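Listed below, chain by chain, are the residues.
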Amino acid sequence: EVDGSLTVADAAEKAGLTPQGALKSLKRLVQSGFVIQVGGGRKRQYALRRDDKLIQAILNLFQAEANRYELFIENIKKTIENSEPPPQSVWIGKVSGKLEDAVVLEIIHQTRYLNNYLRELRKKLNRVERDFEITIEVLGYTNADLPSINPGEIIHLYGIPPFIDNNTIDILARF
């Protein structure tokens, strides 16, 4: 995600590490030859050795995985858009980051449609699961049983974001 060099603080922020953890990792990457130090003193920065063949292979792998992720999300969105009646909202719940864990798709729908919608969507998502070799769990809610949602922990895919309350919807509708 970076075109250029980073300070330890920048690397820590991007990687979700403490500055000490980032420095330790950067030192190991320098020792391995994947990263070089740029500058010196307090303004020391680190840059990826983009001319290295192994680094190029790794960057290509990351790009291929990013493309695969975008295609996966696009397939889920198309599946949702082609399902009737449309739900109020759909999102991917908190992602664990473990490869073996399922992707949890959460849906808000009207009570009278929820069970049938979930059953039909589940059938349609079988193709996506097979194509991407990923398990997708589907959870359904009505507005009455909606759990507490942290906006920073979800990936909103369709409809009205689930953390917007009815008062906010009324205000938005007036615009």
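Let me begin by describing the structure that accompanies this report. Everything quoted here is computed from the prediction, not taken from an experiment. (Residues numbered from 1 in each chain as written. Predicted model: local features only at pLDDT ≥ 70, side-chain atom pairs only at ≥ 80, totals over all residues. Heavy atoms only, no water.)

## Let's talk about the pairing of strand β2 (residues 35–38)
Each regular strand displays side chains that alternate between the two surfaces of the sheet.
Consideration 1: The pairing of β2 with strand β3 (residues 45–48) spans 4 bridges and is classified as antiparallel. Pairing of Ile-36 across the sheet is with Ala-47, part of β3.
Consideration 2: What sits between β2 and β3 in their antiparallel hairpin is a turn of 6 residues, with Gly-39 showing a positive phi close to 80°. (Pairing = 2+ DSSP bridges. Helix = DSSP H or I, 4+ residues; strand = E, 2+ residues; numbered from the N terminus.)

## A look at unusual backbone geometry
Consideration 1: Between Glu-84 and the following residue, Pro-85, the backbone shows a cis peptide bond with an omega angle of -15°.
Consideration 2: Checked against the element boundaries, Pro-85 lands in the loop between α3 (53–81) and β4 (89–92).
Consideration 3: Phi is positive for Glu-133, which is not a glycine, with a value near 50°.
Consideration 4: Of note, Glu-133 is situated in the loop between α4 (111–132) and β6 (136–141).
Consideration 5: A relative accessible area of 75% means that Glu-133 is categorised as exposed. (Buried < 20%, exposed > 50% of the residue type's maximum accessible area, 1.4 Å probe, protein only.)

## Here's the deal with the packing of helix α1 (residues 8–15) against helix α2 (residues 19–32)
Consideration 1: Packing of α1 against α2 brings their axes to within 8 Å, and their N-to-C directions diverge by 105°. Viewed along their axes, α1 and α2 adopt a mutual orientation that is roughly perpendicular. Note on element contacts: α2 touches α1 through Pro-19, Ala-22, Leu-23 and Leu-26, opposite Val-8, Ala-11 and Ala-12.
Consideration 2: When its residues are assigned to classes, the contact of α1 with α2 shows 7 nonpolar, no polar and no charged. (Axes fitted to C-alpha atoms, helices over the stretch in contact; angles between N-to-C directions. Parallel < 35°, antiparallel > 145°, perpendicular 65-115°, else oblique. Contact = heavy atoms within 4.5 Å. Nonpolar A, V, L, I, M, F, W, Y, C, P; charged D, E, K, R; others polar.)

## A look at α1
Consideration 1: Buried within α1 are the following residues: Val-8, Ala-11 and Ala-12. Angularly, the buried residues of α1 cover 100° about the axis, an arc narrow enough to put them on a single face. The outward face of α1, more than 90 degrees from its buried face, is lined by the exposed residues Glu-13 and Lys-14.
Consideration 2: On its buried face, α1 sits against β1 (5–6), α2 and β3. (Arc of directions from axis to C-beta.)

## A short note on the sheet that holds strand β5 (residues 103–108)
In a beta sheet, neighbouring strands pair by backbone hydrogen bonds and run either parallel or antiparallel.
Consideration 1: Ordered in space as β6-β5-β4-β7, the 4 strands form an open sheet in which the pairing is mixed. Where the open sheet ends on each side, the last strands, each with one partner, are β6 and β7 (155–159). Put simply, the sheet's adjacent strands are angled 20° from each other on average, direction ignored.
Consideration 2: Two strands pair when backbone bridges link them, and β4 and β7 are joined in this way by 4 bridges, in the antiparallel orientation. When the sheet's bridge partners are listed, Trp-91 is paired in β7 with His-156.
Consideration 3: Sitting on the sheet, α3 touches β4, β5, β6 and β7, and the angle it makes with β7 is about 30°.
Consideration 4: Contacts between α4 and the sheet are confined to β5 and β6, with β6 contributing the most and set at about 165° to the helix.

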